[in-house]
Amino acid sequence: MLDAHMDDMTATLDHLPDLTGVDVTAPIPADFRLASGQKLMQSHAIGRVYGPASAPMVVAIGGISASRVLFQKEDSTDTAPGWWEGVAGPNQALDLNHWRVLSIDFAPSLPADQVYTISTHDQARLVKLLLDQLGVNEVHDFIGASYGAMIGLAFAELYPDVVKRLCVISAAHRAHPMATAMRGLQRRILMFGKQTGHERDAISLARQLAMTTYRSEQEFLERFDGVAPDVAGENYTVCNYLRARGDAYTASDVNRWVSLSDSLDRHRVDPKNIKAKVFLAAVPTDRLVPYADMVALYESLSDSVFIELPSLYGHDAFLKEIARVSDIVKHSLED
């Protein structure tokens with residue numbers, strides 16, 4: 001986590017050092033309150049800016065496991081790769097030689113001191129603080145996937161005269177009740193683990209359940225056989241896969257995961273309030289954001305382009321279908 005006492009601007013940003021990116025912070029005003037009335041117990045909004053300072057501004061934000069690290073240079077000191085490698089980078093679809101790009105760390109910061117009732121509109125307000133700190137008055141394109149796309153929709157509703165375009169991948173104007181049901185089970189697992197002192201096990205189990213919603217039934221059918229183990233209670237092949245993914249997951253803690261998971265289900269925007277041109281990419285196999293919901297959003301917007309993104313990978317298509325997603329990003333930037 002960044003030092004709470006770091007300067008409000010880590011660098012002057014007149015000229016960014018190559019493509020490593022520059023961490024930026026914006027002070028959160030003392031009177032800033034979440035829509036729930038809670039005070040966010042962190043002093044700064046945190047982001048990272050890439051690309052030429054004179055270029056048009058693009059905001060790019062991913063799912064709840066994403067961070068401000070969008071792209072990682074080979075000589076970077078970051079310990080984890082960027083969340084959108086292959087889509088964002090020099091000479092990629094989101095070309096960091098050509099665009100000035102802001103990515104963010106979601107609030108609450110890790111480690112989270114408590115569970116927060118935080119909305120996508122609250123996250124959008126924090127993005128606006130960072131843009132104000134950077135002196136940016138106009139966003140050429142707000143590119144979001146999953147939770148990041150929800151924040152983009154909320155941003156466009158709150159600041160209709162700031163953003164010109166939205167690229168929305170796998171997000172709608174509201175959460176679907178079935179997605180809420182699945183995330184509600186994850187939150188119960190997480191809170192049970194917290195109450196019983198088994199947070200690490202709870203995070204693994206919640207992640208395993210989440211993985212069943214991120215991918216499609218067809219992918220699981222093709223990848224895993226149905227051969228039974230010798231003894232009841234032992235793992236099937238698909239269960240071994242899920243356990244490995246859950247045990248390896250370290251990107252969150254219980255308080256932060258519950259906060260962001262609830263934020264996904266609290267998401268609501270009125271499409272009629274959005275003035276930006278919206279590029280919607282819908283995945284027919286997405287179990288979390290049904291295709292029909294994205295069609296409904298498309299039909300409610302005044303200026304929108306609908307793009308079908310066929311994929312075996314369901315909701316995770318924005319991370320797996322690099323070539324197709326790159327085409328969608330390019331289209332939203334340069335159409």
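This is a predicted model, so every value here is computed, not measured. (Residues numbered from 1 in each chain as written. Predicted model: local features only at pLDDT ≥ 70, side-chain atom pairs only at ≥ 80, totals over all residues. Heavy atoms only, no water.)

Participant: Lay out the pairing of strand E3 (residues 57–61) in plain terms, naming residues and giving numbers.
Facilitator: Burial analysis of E3 places five of its five residues in the buried class, which makes it a mostly covered element. Burial along E3 is two-sided: the residues Met57, Val59 and Ile61 and Val58 and Ala60 are all buried. Here E3 pairs with strand E6 (residues 100–104) via three bridges, running parallel. Across the sheet, residue Val59 finds its bridge partner in E6, namely Leu102. (Buried < 20%, exposed > 50% of the residue type's maximum accessible area, 1.4 Å probe, protein only. Helix = DSSP H or I, 4+ residues; strand = E, 2+ residues; numbered from the N terminus. Pairing = 2+ DSSP bridges.)

Participant: Break down the environment of Ala282 for me, with residues and values.
Facilitator: Tracing the backbone through its elements, the reader meets Ala282 in strand E9 (residues 277–282). Since its relative accessible area comes to 0%, Ala282 is described here as buried. Excluding anything up to four places from it in sequence, Ala282 contacts Tyr291, Met294, Phe306, Ile307, Glu308 and Leu309. (Contact = heavy atoms within 4.5 Å.)

Participant: An account of the UniProt feature "active site" (unreviewed entry) in the protein chain is needed here, citing residue identities and associated values.
Facilitator: This chain's UniProt record puts "active site" (unreviewed entry) on Ser146, Asp286 and His315. Across 170 residues, the annotated set stays spatially compact, with a maximum C-alpha separation of 10.8 Å. Along the polypeptide, Ser146 turns up in the loop between strand E7 (141–145) and helix H2 (147–158). For His315, the position within the fold is in the loop between strand E10 (304–308) and helix H9 (317–320). On the basis of relative accessibility, which here comes to 4%, the residue His315 falls in the buried class. (UniProt positions renumbered as here; feature names shortened; annotations may be inferred.)

Participant: Explain the packing of aromatic side chains to me, using residue names and the numbers behind them.
Facilitator: Following the criterion strictly, the structure yields 10 aromatic pairs and no others. With a centroid separation of 5.0 Å and 70 degrees between ring planes, the pair formed by Phe106 and Tyr147 is classed as edge-to-face. In this pair, Phe106 is assigned in the loop between E6 and helix H1 (120–134) and Tyr147 in helix H2, connecting sequence segments 41 residues apart. There is no split in this pair, since Phe106 and Tyr147 are both buried. Ring centres of Tyr291 and Phe306 lie 5.6 Å apart, and the angle between their planes is 90 degrees; on these two criteria the pair is classed as edge-to-face. Separated by 15 residues along the polypeptide, Tyr291 in helix H8 (residues 291–300) and Phe306 in strand E10 bring together distant segments of the chain. What makes Phe306 partly exposed here is its relative accessible area of 24%. (Phe/Tyr/Trp six-rings, centres within 6.5 Å; stacked < 30°, edge-to-face > 60°.)

Participant: Go over the nonpolar core, please, and point to the residues and values.
Facilitator: Counting 72 residues, the largest nonpolar core has Leu102, Val127, Leu131, Phe142, Phe155, Leu166 and Val168 as its most contacted members. The biggest single contributor to this core is H2, with eight residues. Dropping the residues within four chain positions of it, Phe142 is found in contact with Val59, Ile61, Val127, Gly148, Ile151, Gly152, Phe155, Val163, Arg165, Leu166 and Cys167. Ranked by size, the runner-up nonpolar core spans 30 residues in total, among them Phe71, Trp84, Ile169 and Ile328. (Core = buried A, V, L, I, M, F, W, Y, C linked by side-chain atoms within 4.5 Å.)

Participant: Residues and numbers for the UniProt feature "domain: AB hydrolase-1" (unreviewed entry) in the protein chain, please.
Facilitator: The feature "domain: AB hydrolase-1" (unreviewed entry), as given by UniProt, occupies residues 91–320 in the numbering adopted here. End-to-end, the C-alpha atoms of residues 91–320 are 19 Å apart, and along that stretch the chain is 47% helix and 12% strand.

Participant: Describe in detail the environment of Ala60, supporting the description with residues and values.
Facilitator: Here Ala60 shows up in strand E3. Accessibility expressed as a relative area gives 0% for Ala60, which makes it buried. Separated by 167 residues in the primary sequence, Ala60 and Val227 have C-alpha atoms spaced 42 Å apart. Those residues within four positions of Ala60 in sequence are excluded, and the remaining contacts are Leu70, Trp83, Leu94, Val101, Leu102, Ser103 and Ile143.

Participant: Pulling in residues and values, what's your account of helix H7 (residues 254–266)?
Facilitator: Between the first and last C-alpha of H7 there are 18 Å, a value that for 13 residues agrees with the 18 Å anticipated at 1.5 Å per step. Counting buried positions along H7 yields 12 of 13 residues, so the element is predominantly enclosed. Of all the positions in H7, only Val254, Asn255, Arg256, Trp257, Val258, Ser259, Leu260, Ser261, Asp262, Ser263, Leu264 and Asp265 are classed as buried. The inward-facing, buried residues of H7 abut H1, H2, helix H3 (177–196) and helix H4 (199–214). (Expected span 1.5 Å × (residues − 1).)

Participant: Give a description of the pattern of salt bridges that names residues and reports values.
Facilitator: One pass over the structure, following the stated rule, counts 16 salt bridges. For Arg125, the salt bridge goes to Asp122, with nearest N and O atoms at 3.0 Å. On the criterion of helical spacing, the pair formed by Arg125 and Asp122 is a turn pair, its members being three residues apart in helix H1. The class for Arg125 is partly exposed, based on a relative accessible area of 24%. Relative accessible area serves as the criterion here: at 1%, Asp122 is assigned to the buried category. Linking Asp293 and Arg174 is a salt bridge whose minimum nitrogen-to-oxygen distance equals 3.5 Å. A residue pair is termed long-range when its members are at least 10 positions apart, and Asp293 in helix H8 and Arg174 in the loop between strand E8 (165–169) and H3 qualify at 119 residues. You can call Asp293 buried: its relative accessible area is 8%. Take Arg174: its relative accessible area is 31%, and that puts it in the partly exposed class. Counted as one network, the salt bridges with shared partners bring together Asp23, Arg48, Arg68 and Asp105. (Salt bridge = Lys/Arg side-chain N within 4 Å of Asp/Glu carboxyl O.)

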